[in-house]
Amino acid sequence: MTALRAWFRDPRPGWWLLLAGAAGAAMTLLCLLGRPPGTLLLPPPSRVLLAFSAPAVALMVWLAPRGDRLERLCAGLVGLGSQAVLASVPDLLAVAVLLVPVGFAVAARPGRRSLSARVRGPALAAALLGLGWALLRSPGPAWLGRLGALGVALGLVAVGGLVPYLQEVEDGEPAETSYLAWTGFLAPALALVLPFRLLQGHLLTPDEGMVVGAVLVGLGALNLAWGAVGAWRTASLAEAWRDSFLVDWGFALIGLGLFERDGLAAAYLAMLAVLGVRTPLALLARTAPAAGTSPRPLALVLVVLLAGAAPFSGFPVRLLVLRAATELAWPLAIPLLMAMALAAAHALRLARALGSPRGRDAIGLAVVLAVSLVLGLVPGILRGLGGI
Amino acid sequence: MSLAAMLVPPALLAAAAILSWSLGHTGVGAGRVVCAPAAWLAAGVEAVAWWWGGRVPLELSLPFGLAGAPLGVKLDSSIFALQMITLLALALLFTFQPRDPGRAALASLVGGVALGTLAASSLSLTAFGLSVCSGLVWTALAWDERTEVGATWGALSLAWVLLLWAAVVLEVVGGTSVYSAVPVTALQAPVFLLLAAAALLCAGALPWRTWVSLVWRRARPASGSLAVAVLVPLGFSLLLRAYALGAGQWPGGWLHPLLAGLGAATALAAAGRAQAAGSVRAVRAEAVPLGAGLTLLGLALGTPLGVAAAVLSLGGLGLVAGLVPLLPEGGLVASLGDALAFGAPPALVFGGWLLCVQAALEAGPVTGLMGLVGVFAWSVGLAAVARATWLPAPAARSGSPVGLAVGAGLLLAAGVGLGGLASLVAAPVASDLAPPGSHGAAVSYLGGGAVGVTVPSGSWPAGALGGAVAIVGVVLLAIVGLLRRPGREPIRPLSGVEGEPARARRSVSALEVKPLIEPPWRDLRDRLATRLRGLRVPSQYRSLVRPNAVAAAATRGRPWFWALVTLALALVVTR
Amino acid sequence: MEAAAAAGAVLAWLGVSLLSLADARRGLALGLVTTALGLALAAAASGRQPSAAAALAAGGAAGSLLRLRDGEPGWGLMRPGSTPRLVAALLVFLAAVLLVGSGLGVPTGVARLGAIAVALLALLRLLTVERRSPALGSGAALALGLGALGGGTGLMAAAVAAVALGTLSGAEAPGPGR
């Protein structure tokens, strides 16, 4: 215990954060155990996702300066608990309600932007999701159902802070209060359970399903284009990293919107890659020094990883989403191909931002590369574990 | 034995990579010592096992997948030929190019992956392999220096993405992308075009300056030559596979002249660039594109002779990829090496190109004209080699005399033994991929033996005449070498900067070495690029289109923007 | 039952309107508790579990009490610049009526009317407010409104959310890090 405390060192976070951390850990445990039965039920894909989230939290704690580690650990445990709860609660309306306090909890941490500015995105997402879900289930004319379907789809997009609901990105903002908290950590949990909740109860009429699918595919393509071009062209490096998340999300949204087995698998793998690879890399990019003149091969391999090339995590996602798109309508594959080719351009820039990591950063990077390799080489095993 | 031929070579290269890397980390710089024997051994094992095993095609499928693709490998005559071409080039490079242990390990790994990719049993696995190869090659290139890596990375990324789509379309249309299981009808023209685009991007066989030319103009040629040695055969393997997928035919008669024309244009453009180049290195950079163009010309004809000629030409290309980086920057030996690389008799390059042109002449009147274009390009290429003796060398690089001797020896030996190669290697590939029964009137045959090769339009006594020429040439070279004292004519370090008028380095030092032919469209690309960059929205329309303002509103988290978008979508949906 | 549901819906709408027009702690707390009571009444009247409706009311009340401990003192009602919010309160009610439409004839529909009005108005306030305390109050109202659209789980979750938001401090932090 003494060694543990020495590792974390003072200053200790406020008692409320410790309490929240403990609550987060307890909630994660309860969700994993499925207690109380009927109220919390963690589907298999979310279990795998949670398994990928834990190392991301560990990495965040590990990379933090010594004095901040306990605070980061507590924040991470809260995040983990929130993720588990959002994925476990079967009632989508309750999920929407819970998004509000989670959003405030994230926004209440100290940061440069005001609480109200930071909570707008999650609040809008909660409202869209909740109202959309309510309209979907309520009797009424057909247009009301379509409106509800639109709300649910837009709610998911807003939770992720994706186009058109992008949040402002500031350089130097702490990871746990930045876009990373939603785009890179909490939203993937919701993205994975949403299609199952929608499909399980056969709640959608064909008309409503069409709306959900069209909105997700359309906004997925928009995010893909925005991310691929933005990560390459934008002046701010922090924004470039955020835009690179949009590329992964673009593939995932398209995969979800196609309502097809390969598409869902692509979305599942994309979300795992966001949590296991992209988010840790974004965290590493905050601490790694700038690239020198002679880059090391490890940093060069990162370009390959970030471009989505084999044998890393991006490849099976691209293969599956292309397959799903081609099966439905081949012209859908054209924007996908363009984004895949463009990803090569911004990968160079992002990898340069990671520089030539040394010490802790290099170990972290090696772990991320290994995770990405596993995702890229044996996606079948992960699909099996997730039941997809 | 076929199983050994299939699995041992890539495994040997992968093991060499691991060993070299490990030794490098322990401080033992033994990269070349480990990787070069591994490459030669792999080539030997492959050749012996394939022949000893009775040259029986073999396919091995594993019950699990890799990266979402079915995992399986196969070995047949075409894969054997392509793997041998790759292995010989790699063996030359590994043996005679200096590499530190890390770079040697990476190069060996690239080789192993390339062999695996060539042996892949499905198109999706080939796309996976090409993607891995592209990434590793990019890493090797960027590790050395940053010049020209962007263009290479872009082209190769586009290649694997297109190939991936082709594989996916095949899976959707035909239910599988496993080569031996795809229904013949699944290979439609659009899929083929995707596959061909990927192949041509990968092989750099396009009528403009591709990555193949660019990587050889870099200051450090080691990784560039590795990329060429690995990826050019890989690119052509895709077109060969297309024959297998279509049961000896491509899915449209018009595709043959289209790609053959593209090949002729590629050769012509490469020759044009070579004769206008400003340095020796820039001339040499066009040797492979010129050969790739002629190989494409032969391969696209669709006749057994064309396919066989393309395989032989590709063999020449592979050896050129291994030989050219070993050449010194100047001197008589360098010029002779350049001449062999640009198709001077009696080397394998000459024999392969000759058969490609003959196949084009025999395939029909239109392709005959393309063959003539190929001959013209070939001649211009040789003229460019002659002109190159006046061009400046960018740096004093002495090359590898032993490597040069081995590489040139292999080229000459293969050229002299063209008849044997034709009957033992090229003809089986042609009969497997483009059986005579699958073609109409344009069937032509290739006869080979110890004396030479025979085709309906004439024969080339490679063994008799070519052998005599080679012996006389080597003897003359030895006499010249004996008469000259070493170090009598040192190579002068001249800095030839691309884009500047080339200055002579021989007797006419004050004169500019002008291109032999100056086409009016030489600077067309630069002019177009300048014009495109200068395009602006007229000032009176600027207030209408303000994408920057929209982007700023979208990225700053403005609630009014969110509300507007939501409202607009709601209106669209509820209408 | 229909009358009780209608009364609850109107009470909730009045409460959230008060909340959106208030800038200080008392106004916010009163608006929040009124909203919670109205929603709970409408929920109970529309046949939802009474215990869940009571939990919603209790959660809202606790949240409003906690809201009283910090933030700007006083009522802060109808300050200059609040006219658009007043207009929005009316328009949102009309929009909610449009969304519920034919459902207005049954208690469930009427209860949904109140919940939708609360959620929409609270969201509008949340999207436009800059200060912390009103944002927290609007957040709690949003959670209550969304929870009231659902069944027992939603109502309970809303109660928990309202209390959780009440525990967060409404005091403005100095400088960056607000």
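Residues numbered from 1 in each chain as written. Chains lettered and ligands numbered in written order. Predicted model: local features only at pLDDT ≥ 70, side-chain atom pairs only at ≥ 80, totals over all residues.

## Points about the overall build of chain C
Step number 1: Along its length, chain C carries seven helices and zero strands.
Step number 2: Listing every helix and strand of chain C by position from the N terminus yields α-α-α-α-α-α-α.
Step number 3: Every one of the 178 residues in chain C was classed for burial, and the buried ones make up 63%.
Step number 4: When contacts within chain C are restricted to residue pairs at least 6 apart in sequence, long-range pairs at least 24 apart make up 73% of them. (Helix = DSSP H or I, 4+ residues; strand = E, 2+ residues; numbered from the N terminus. Buried ≥ 20, exposed ≤ 12 C-beta atoms within 10 Å, placed from the backbone. Contact = placed C-beta atoms within 7 Å.)

## Focus on the overall build of chain A
Step number 1: Counting its regular elements, chain A contains 16 helices and zero strands.
Step number 2: Against the 2.2 N^0.38 benchmark of 21 Å for 388 residues, chain A shows a C-alpha radius of gyration of 20 Å, consistent with a compact globule.
Step number 3: Judged by the C-alpha coordinates and their principal axes, chain A covers about 60 × 45 × 40 Å.
Step number 4: In chain A, which comprises 388 residues, the share counted as buried stands at 65%.
Step number 5: Sequence-distant contacts in chain A: of pairs separated by 6 or more residues, those separated by 24 or more amount to 76%. (Rg over C-alpha atoms; globule rule 2.2 N^0.38 Å.)

## Overview of the interface of chain B and chain A
Step number 1: On the side of chain A, 45 residues touch chain B, which itself brings 40 residues to the contact.
Step number 2: No other element matches the twelve residues that helix α6 (residues 149-174) of chain B contributes to the side of chain B that touches chain A.
Step number 3: Partitioning the side of chain B that touches chain A into residue classes produces 24 nonpolar, 14 polar and two charged. (Nonpolar A, V, L, I, M, F, W, Y, C, P; charged D, E, K, R; others polar.)

## A short note on the packing of helix α9 (residues 206-233) of chain A against helix α10 (residues 237-257) of chain A
Residues and elements named next belong to chain A.
Step number 1: Close contact between α9 and α10 brings their axes to 7 Å; oriented N to C, the two are set at 155°. The orientation of α9 relative to α10 falls into the category roughly antiparallel. Read as a crossing pair, α9 and α10 show a hand that is left-handed.
Step number 2: Across the contact of α9 with α10, the residue classes tally to 16 nonpolar, eight polar and two charged. (Axes fitted to C-alpha atoms, helices over the stretch in contact; angles between N-to-C directions. Parallel < 35°, antiparallel > 145°, perpendicular 65-115°, else oblique. Left-handed = near helix turned anticlockwise from the far one by under 90°.)

## Some points on helix α6 (residues 115-137) of chain A
All names here are of chain A.
Step number 1: Taking 1.5 Å of rise per residue, 23 residues should cover 33 Å, and α6 covers 33 Å from first to last C-alpha, within 8% of that figure.
Step number 2: At Gly121, α6 shows its largest bend, some 35°, and a proline, Pro122, comes one to four positions later.
Step number 3: The element α6 is extensively covered by neighbouring structure, given that 22 of its 23 residues are classed as buried. (Expected span 1.5 Å × (residues − 1). Bend = angle between axes of the 7 residues up to and from the residue.)

## Here we look at the confidence of the model for chain A
Step number 1: With 94% of its residues at a pLDDT of 70 or more, chain A has an overall mean of 86.
Step number 2: The least confident element of chain A, judged by mean pLDDT, is helix α1 (residues 2-8) of chain A at 52; the most confident is helix α13 (residues 314-328) of chain A at 93. (pLDDT = per-residue confidence, 0-100.)

## Looking at unusual backbone geometry
Step number 1: Note the cis peptide between Val163 of chain A and Pro164 of chain A, where omega equals 10°.
Step number 2: Residue Pro346 of chain B is reached from Pro345 of chain B by a cis peptide bond, and omega for that bond is 5°.
Step number 3: Positive phi outside glycine occurs at Phe259 of chain A, with the angle close to 50°.
Step number 4: Inspection of the secondary structure assignment puts Phe259 of chain A in the loop between α10 and α11 (261-287).
Step number 5: Among the residues examined, Phe259 of chain A registers 20 C-beta atoms within 10 Å and is labelled buried.

## Considering the pairing of strand β1 (residues 58-66) of chain B
All names here are of chain B.
Step number 1: Strand direction decides the pairing type here: β1 and strand β2 (residues 69-75), joined by six bridges, are antiparallel. Counterpart to Gly65 in the pairing with β2 is Pro70.
Step number 2: Taking the residues that link successive antiparallel strands as the turn, the β1-β2 hairpin has two residues, and the phi of Ala67 there is positive, at about 55°. (Pairing = 2+ DSSP bridges.)

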